[in-house]
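# Understanding the architecture of this molecule
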Amino acid sequence: MLRLEKLTKIYKTGDKALNAVDLEVPQGQVLALIGPSGAGKSTLIRCINRLVEPTSGTVTLDGTELTGLGSGGLRKARRRMGMIFQEYALVERLTVMKNVLSGRLGYVPFWRTLLRTFPQSDVDEAFRQLDRVGLLEMADKRADELSGGQRQRVGICRVLIQNPAVLLEDEPTASLDPKTSRQIMRLICELCEERNLAAIVNIHGVAKTALRQFPGPALAAHCFGALPDRCLCLD
Amino acid sequence: MLYLIAAFASIDVNWSWVYEGLDRGWKFIVAFANPDFTSRATDIKEGLIENAVITIVSTVVGIAVSIPIGLGAARNISALPVYLVCRAIVAISRSLNGIVVAILLVAILGFGPLASFLTLSFATIVFLSKLLAEEIEDMDKVQAEAIRATGGSWLQRFDYGVFPQIVPRLIGLSIYRLDINFRESAVLGLVGAGGIGATLNTAFDRYEFDTAAAILLMITAQLWCWNTSRVSSARRCNDGDL
Ligand SMILES: Nc1ncnc2c1ncn2[C@@H]1O[C@H](COP(=O)(O)OP(=O)(O)OP(=O)(O)O)[C@@H](O)[C@H]1O
Ligand SMILES: [Mg+2]
């Protein structure tokens with residue numbers, strides 16, 4: 001269970017990106033987050049794992065208050081939050097396999113990751129995840145040799161190997177063509193169901209006027225390609 | 001135009017010196033036609049080896065020192081106090097001229113390869129740390145952010161999110177610097193800082209132009225070997241994964 005209480009973010013520039021947002025996402029729920037550009041969708045997601053420091057308010061994950069953690073505790077907590085990026089954010093010059101294994105960085109000591117010698121159980125798990133998304137034969141290719149859809153699937157593997165409780169996804173399909181977008185969205189929804197994960201998914205480019213024409217979930221389903229459990233509009 | 005003529009007229013040429021110089025130049029050219037590799041063979045060999053050692057060691061040490069300084073001087077990954085200190089180091093060291101440093105070091109440490117080694121290390125640090133910092137500031141920051149989001153530590157973030165992005169540039173700049181250091185180590189010998197330049201200096205002082213010619217040819221050959229070998233190795237580094 002992920003809970004936000006009165007989460008507020010005011011940037012140094014004075015932009016009030018989030019204004020006392022209250023939100024609860026139970027285990028297994030996929031929440032679609034829509035709203036016009038600049039509504040604060042990315043900010044909300046980034047405040048949860050504190051890539052952006054919230055100005056006030058609290059974030060609680062399974063009873064741990066993330067907003068009160070020191071840097072060590074925060075790193076431990078981040079292992080339970082998988083983040084998926086619009087630009088995939090793979091390490092371009094590393095192989096697919098090493099990219100997937102980088103999801104284990106929070107669990108493995110530095111010297112092992114430096115030598116690129118991950119525990120065998122992690123390696124097996126990485127192969128399993130790659131197989132699950134149909135990229136097994138790509139394991140030794142470099143990430144910059146993949147197509148957009150393939151890259152995002154590697155991004156998903158990297159997140160799953162973290163063994164997360166929550167997925168945070170910032171416009172995961174905004175850089176993909178409509179057909180691939182729908183495939184990726186469907187994959188994400190399937191995985192959330194399989195593993196009973198909570199997820200917050202940002203969807204880009206949804207204007208308020210469009211929201212008036214369709215009610216929330218229908219619109220989200222339209223952009224999404226798969227039906228989220230719930231839809232929330234920021235403005 | 002008038003100014004140019006006036007300027008030329010004001011150059012005071014001592015024609016007898018020029019004549020002597022021409023004479024010496026001619027002897028030098030003749031010497032090049034039959035360079036003498038043998039009579040000072042051991043000196044030349046030792047000089048060349050000393051040169052190579054000075055170059056390689058100073059470049060390696062320079063790179064090793066400039067990586068942490070470059071990291072610290074990159075605003076996007078370092079805390080403000082660290083950044084300010086490293087930027088100050090970069091700024092101050094850049095304002096010192098290389099040859100001045102060499103002469104200073106010779107004055108402090110006396111003649112010999114140590115001065116040469118320190119000068120080249122210093123020059124490498126000056127050159128590399130600033131460019132490295134700029135490269136880090138220009139990197140794609142989401143890659144590093146993704147590593148941070150998995151719960152990786154600062155070192156892991158550097159190792160996975162930053163280092164792979166700067167490696168091609170780091171290798172390119174290091175090879176380029178090694179190149180420059182090779183050349184400079186020969187020149188530094190002339191101000192008394194050891195290596196093949198010192199051997200060359202001695203040869204000139206003794207008017208052994210044939211030996212000097214041999215030394216110059218050897219330096220050229222060494223540079224040429226080095227140049228051809230580095231092209232292939234650089235290409236291999238770029239295509240690999242890390
Ligand atoms: N690093 C930053 N510094 C200052 N202001 C920022 C920063 N990032 C975002 N903002 C401001 O915060 C507000 C919300 O931005 P945010 O990126 O969260 O919007 P968004 O809903 O994700 O928009 P989009 O759909 O275009 O991605 C905007 O007004 C933006 O100008
Ligand atoms: Mg956004």
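Everything that follows concerns the structure shown earlier in this document.
Heads up: these notes are all about the structure in this document. Note that the structure is a prediction, hence the values are computed from the model and not measured.

### Structural notes on the pattern of salt bridges
Any two side chains of opposite charge can pair if their charged atoms end up close together. Across all of its chains, the model carries 15 salt bridges over all chains by this definition. Between A:Arg132 and A:Glu190 there is a salt bridge, with its nearest N and O atoms 3.3 Å apart. Remark: A:Glu190 occurs in helix 7 (residues 178-195) and A:Arg132 occurs in helix 5 (residues 120-132); sequence separation between them is 58 residues. Of the charged contacts in the structure, one is a salt bridge between B:Glu134 and B:Lys130, with a shortest N-O distance of 3.0 Å. Note that B:Glu134 and B:Lys130 are positioned in helix 6 (residues 113-137) at a spacing of 4 residues, about one turn of the helix.

### Looking at helix 6 (residues 148-160) of chain A
One turn of the α-helix equals 3.6 residues, which is why residues spaced by three or four share an orientation. Here helix 6 of chain A contains 13 residues, and its C-alpha end-to-end distance of 19 Å stays within 8% of the 18 Å for a straight helix at 1.5 Å per residue. Summarising burial for helix 6 of chain A: 11 of the 13 residues are buried, a large majority. Every buried residue of helix 6 of chain A is accounted for by A:Gly149, A:Gln150, A:Arg151, A:Gln152, A:Val154, A:Gly155, A:Ile156, A:Cys157, A:Arg158, A:Val159 and A:Leu160. Structurally, helix 6 of chain A contributes buried residues whose contacts are with strand 6 (81-84), helix 3 (96-101), helix 5, strand 7 (166-169) and helix 7 of chain A together with helix 7 (141-149) of chain B.

### Focus: the state of the cysteines
Residue and element names in this part refer to chain A. Summed over the entire model, instances satisfying the criterion amount to 0 disulfides over all chains. Cys192 provides the cysteine sulfur closest to Cys189, a residue in no disulfide bond, and the two sulfurs are 6.4 Å apart. Judged by relative accessible area, Cys189 falls into the buried class, the value being 14%. Take Cys192: its relative accessible area is 1%, and that puts it in the buried class.

### Some details on the nonpolar core
Residue and element names in this part refer to chain A. In terms of nonpolar packing, the biggest core is built from 41 residues, with Val100, Leu130 and Ile156 touching the most fellow members. Counting residues per element, the ones that place at least two in this core are helix 3, helix 5, helix 6, helix 7 and strand 8 (198-202). It is helix 7 that contributes the most residues to this core, 6 residues altogether. If near-sequence neighbours (up to four positions away) are discounted, Leu130 is found in contact with Val96, Met97, Val100, Leu135, Leu136, Ala139 and Cys157.

Reading the values: rules and limits
- Residues numbered from 1 in each chain as written.
- Chains lettered and ligands numbered in written order.
- Predicted model: local features only at pLDDT ≥ 70, side-chain atom pairs only at ≥ 80, totals over all residues.
- Heavy atoms only, no water.
- Salt bridge = Lys/Arg side-chain N within 4 Å of Asp/Glu carboxyl O.
- Helix = DSSP H or I, 4+ residues; strand = E, 2+ residues; numbered from the N terminus.
- Expected span 1.5 Å × (residues − 1).
- Buried < 20%, exposed > 50% of the residue type's maximum accessible area, 1.4 Å probe, protein only.
- Contact = heavy atoms within 4.5 Å.
- Disulfide = S-S within 2.5 Å.
- Core = buried A, V, L, I, M, F, W, Y, C linked by side-chain atoms within 4.5 Å.

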